[in-house]
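Examining the three-dimensional arrangement
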Amino acid sequence: MAKTNIPKDIPKPWEISTKERTIYTIIVMVGAFMAILDTTVVDVIVPKLTGPLATDMYGVQWIITSYMVAAAIGLLICEYLIKRFGSKAVYLFGVAMFSIASFVCGISNSLESIIVARIFQGVAEALVMVTSHVMIFSYFPPQKQGLAMGIFALGVSFAPALGPTVGGYLTEYYNWRMVFFINVPIGALLVIAGLAYLPKERFFEKMKFNFISFFFLSLGTVALLIMLSKGQEYGWFNSTLIGVLLFTSIIGYLLYALWELNSKHTLIDFSLFKKSDFVNGILIYFFVLGFSMYQYFYLLPVYYEHIKMLPTLNAGIAVFAFALFIGIFSPIAGVLSDKIGAKKTVAIAAAIYIVSAMFLLPKLNYYTPMSQAILLTIPFGIGMGMFFAPITVLILQSAPGNKSELAIVLMDYSRFVGGSFGTALATNNMEFFKNMNFDRVVEIQNTQYVSWFLEKTRELLGVGENLIKEIFRNYELFKSYDYGFYNTFMHAEYWGLFGSLFVAALFLNIKREKRR
């Protein structure tokens, strides 16, 4: 890698006026918010696309899968593009691509065309998220980097939780195409504002891009994410396809590792992992956010729609309750990180999250009053709001300044892969525990009493025997689904507990450093 020598008298990126910092932050944050909001907004409309796109539910799921896979691959080229062309250029290119792809999604009338557009949209989301992260971090002086990440957390944590509300509103009062069209004018204004106001970068690095490592890592990532996305649909390892995807993923990662070991110019600089704080930070991000929090992100909207029987818009409003507290406590956590340190703030966030996941969220069931259900999710929102800023500050401060782009790429990559595992675990556990509870309900029934009860009910309602049995079976399935949420909520919390071990490891490192 040939690095440009930067004169010492050049002003630092954060040596700007408060007005400039505010303008730059707004331009960058709106783009990040728009890009990540799209990840959960589209989840709401997917079931409504089977008719317009002439396909089934399995077909429309590729709209989500293609985006997720493309975004993960897009992350792998971000460091090279930023070093070569600068954050501003890559950010504006990403926003423009995202907006154009959104327009194409909105006018699409076939599954194939919308999937192709979603692939471009996914790559653009990766470019926008990494560059916006880098720029926000650079606009604030070191003593205010916690605040910077607290502001950025509004996009990363608040936007996905807000998605069901926005998606529900747009589909309820307009149509599904508006979910995509709304990005176009916002993106156009951002590009114009960015060209006019965002500061120009003067120094770049000529990096050599390792295309072979990129290919092998992409192969492993694509196979892994498709396997996790489609595993439930195909019956996991009862399916030959899932077995082939697992084998391909393992081979891809192994070939990547072997090629990196023998390359002069590696795709990823693994010297970052020599620092224990960086390793623990990535593992906290991977397990607490990906394996645990992402399960609740998936489960809570499903709970409101399928257990509480709320319309899509009302379910989105219910989710917005805890999303609001994510937004409120994200900047608070950032300020707290600057005051007491990132490690202590992460510990506080983990404690709040674990308590809410262990003792509050499992209380949610069909009989929980709506107001109580909303109140029970608020501590979860507080814990999640306090999580992102300090863990990001911890990871970025443990990485060298010229490796901040790579550190952010690795964070986002762990978010995608960990989140995919979390969602797969939630769907698989929900199905498993629903079936387990159904078998248990049937097993403990007094068959004679049930038969007598069904006969009396049939006579009272004046309906046929088959109909009353079907009604009772649906009730059993519904209660099994209801009970299954308790088990699934608890298993999601176990991953949070596991991830908290790495939070504790942060403080073990402090003790070791003091002994030295």
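Since this is a predicted model, take the numbers as computed values, not measurements. (Residues numbered from 1 in each chain as written. Predicted model: local features only at pLDDT ≥ 70, side-chain atom pairs only at ≥ 80, totals over all residues. Heavy atoms only, no water.)

1. Here's the deal with the overall build of the protein chain
- Each helix and strand counted, the protein chain has 18 helices and two strands in total.
- Compactness check: the protein chain gives a C-alpha radius of gyration of 24 Å against a globular reference of 24 Å for 516 residues, within 12% of the reference.
- Taken along the three principal axes of its C-alpha coordinates, the protein chain extends 90 × 60 × 50 Å.
- Within the protein chain, buried positions represent 54% of all 516 residues.
- Of the contacts made within the protein chain by residues no fewer than 6 positions apart, 86% connect residues no fewer than 24 positions apart.
- Of the roughly 23300 Å² of accessible surface on the protein chain, 66% is carried by carbon and sulfur atoms. (Helix = DSSP H or I, 4+ residues; strand = E, 2+ residues; numbered from the N terminus. Rg over C-alpha atoms; globule rule 2.2 N^0.38 Å. Buried < 20%, exposed > 50% of the residue type's maximum accessible area, 1.4 Å probe, protein only. Contact = heavy atoms within 4.5 Å. Areas by Shrake-Rupley, 256 points an atom, 1.4 Å probe, with all protein chains shown as cover.)

2. Quick word on unusual backbone geometry
- Of note, the phi angle at Trp236 is positive, near 50 degrees, even though the residue is not glycine.
- Within the secondary structure, Trp236 is located in the loop between α9 (211–234) and α10 (240–261).
- Even without being a glycine, Met309 presents a positive backbone phi close to 60 degrees.
- Mapped onto the secondary structure, Met309 falls in the loop between α11 (276–307) and α12 (312–340).
- The class for Met309 is exposed, based on a relative accessible area of 53%.

3. Focus on the packing of helix α6 (residues 145–173) against α12
- Packing of α6 against α12 brings their axes to within 7 Å, and their N-to-C directions diverge by 175 degrees. Taken together, the axes of α6 and α12 lie roughly antiparallel to each other. (Axes fitted to C-alpha atoms, helices over the stretch in contact; angles between N-to-C directions. Parallel < 35°, antiparallel > 145°, perpendicular 65-115°, else oblique.)

4. Some details on the pattern of salt bridges
- Following the criterion strictly, the structure yields 10 salt bridges and no others.
- Ionic pairing is found between Asp412 and Arg415, a salt bridge with its closest N-O pair at 3.6 Å. Here the residue Asp412 and the residue Arg415 both occupy positions in helix α16 (residues 404–443), the gap between them amounting to three residues, near one helical turn. Arg415 matches Asp412 in its accessibility class, with the two residues each being buried. (Salt bridge = Lys/Arg side-chain N within 4 Å of Asp/Glu carboxyl O.)

5. Some points on the packing of aromatic side chains
- Inspection of every chain in the model, using the stated rule, returns 39 aromatic pairs.
- Between the aromatic rings of Phe287 and Phe498, the centroid separation amounts to 4.9 Å while the plane-to-plane angle is 85 degrees, which identifies the pairing as edge-to-face. Of this pair, Phe287 sits in helix α11 while Phe498 sits in helix α18 (residues 465–515), and the two are 211 residues apart along the sequence.
- Judged by relative accessible area, which is 13%, Phe287 ranks as buried. (Phe/Tyr/Trp six-rings, centres within 6.5 Å; stacked < 30°, edge-to-face > 60°.)

6. Re the packing of helix α15 (residues 388–397) against α16
- Contact geometry of α15 with α16 gives a least axis separation of 10 Å together with a crossing angle of 135 degrees. When the axes of α15 and α16 are compared, the pair comes out oblique. As α15 packs across α16, the resulting crossing turns out to be right-handed. Residues Phe388, Thr392, Ile395 and Leu396 of α15 form the contact with α16, whose participating residues are Ser404, Ala407, Ile408 and Met411.
- Here the contact of α15 with α16 is composed, by residue class, of six nonpolar, two polar and no charged. (Left-handed = near helix turned anticlockwise from the far one by under 90°. Nonpolar A, V, L, I, M, F, W, Y, C, P; charged D, E, K, R; others polar.)

7. Focus on a nonpolar patch on the surface
- Residues Phe247, Ile250, Ile251, Leu254, Leu255, Leu258 and Leu261 make up a contiguous nonpolar surface patch of about 690 Å² in total accessible area.
- Tracing the chain through its elements places Ile250 in helix α10.
- Since its relative accessible area comes to 44%, Ile250 is described here as partly exposed. (Patch = residues over 30% accessible without salt bridge, like charges linked within 9 Å, V, L, I, M, F, W, Y side chains within 5 Å.)

8. Re the nonpolar core
- One finds Ile63, Tyr91, Ile114, Met149, Phe152 and Phe387 to be the most contacted residues of the largest nonpolar core, which totals 155 residues.
- No other element matches the 18 residues that α11 contributes to this core.
- Residues contacting Tyr91, with those up to four places away along its chain left out, are Ile27, Val28, Gly31, Val128, Thr131, Ser132, Met135, Leu190 and Leu198. (Core = buried A, V, L, I, M, F, W, Y, C linked by side-chain atoms within 4.5 Å.)

9. Section: the confidence of the model for the protein chain
- Per-residue confidence for the protein chain averages 86 on the pLDDT scale, and 95% of its residues sit at or above 70.
- Note that pLDDT drops below 50 for residues 1–6; the model gives that stretch 13 contacts with residues more than four away or on any other chain. (pLDDT = per-residue confidence, 0-100.)

10. Brief notes about helix α13 (residues 342–360)
- An ideal rise of 1.5 Å per residue puts 27 Å on 19 residues; α13 measures up with 26 Å between its terminal C-alpha atoms.
- Turning to α13, its buried residues number three or more, namely Ala342, Lys343, Thr345, Val346, Ala349, Ala350, Tyr353, Ile354, Ser356, Ala357 and Leu360. (Expected span 1.5 Å × (residues − 1).)

11. Side note on the side chain of Ser263
- For Ser263, the location among the structural elements is in the loop between α10 and α11.
- For Ser263, a relative accessible area of 18% gives the class buried.
- Of the polar contacts made by the side chain of Ser263, one reaches the backbone oxygen of Trp259; its length is 2.5 Å.
- Discounting residues that sit within four places of it in the chain, Ser263 has contacts with Asn210 and Ser213. (Polar contact = N/O pair within 3.5 Å; in protein donor to acceptor, adjacent residues only side chain to side chain.)

12. Considerations on α10
- Taking 1.5 Å per residue as the helical rise, α10 with its 22 residues ought to reach 32 Å, and the 32 Å between its terminal C-alpha atoms agrees with that figure.
- Considered for burial, the residues of α10 that qualify are Ile242, Leu245, Ser249, Gly252, Tyr256 and Glu260. Buried residues of α10, seen end-on, are gathered within an arc of 80 degrees and therefore sit on one face of the element. Exposed residues lying more than 90 degrees from the buried face of α10 are Thr240, Phe247, Leu258 and Leu261.
- On its buried side, α10 packs onto α9.
- Between a side-chain oxygen at the N-terminus of α10 and the backbone nitrogen of Leu241 the separation is 3.2 Å; the capping residue is Ser239. (Arc of directions from axis to C-beta.)

13. Topic: the side chain of Thr368
- Topologically, Thr368 is positioned in the loop between α13 and α14 (370–385).
- Engagement of the side chain of Thr368 in a polar contact is seen with the backbone oxygen of Lys363, the distance being 3.0 Å.
- The residues contacting Thr368, other than those within four sequence positions of it, are Tyr303, Lys308, Lys363, Ala373 and Leu376.

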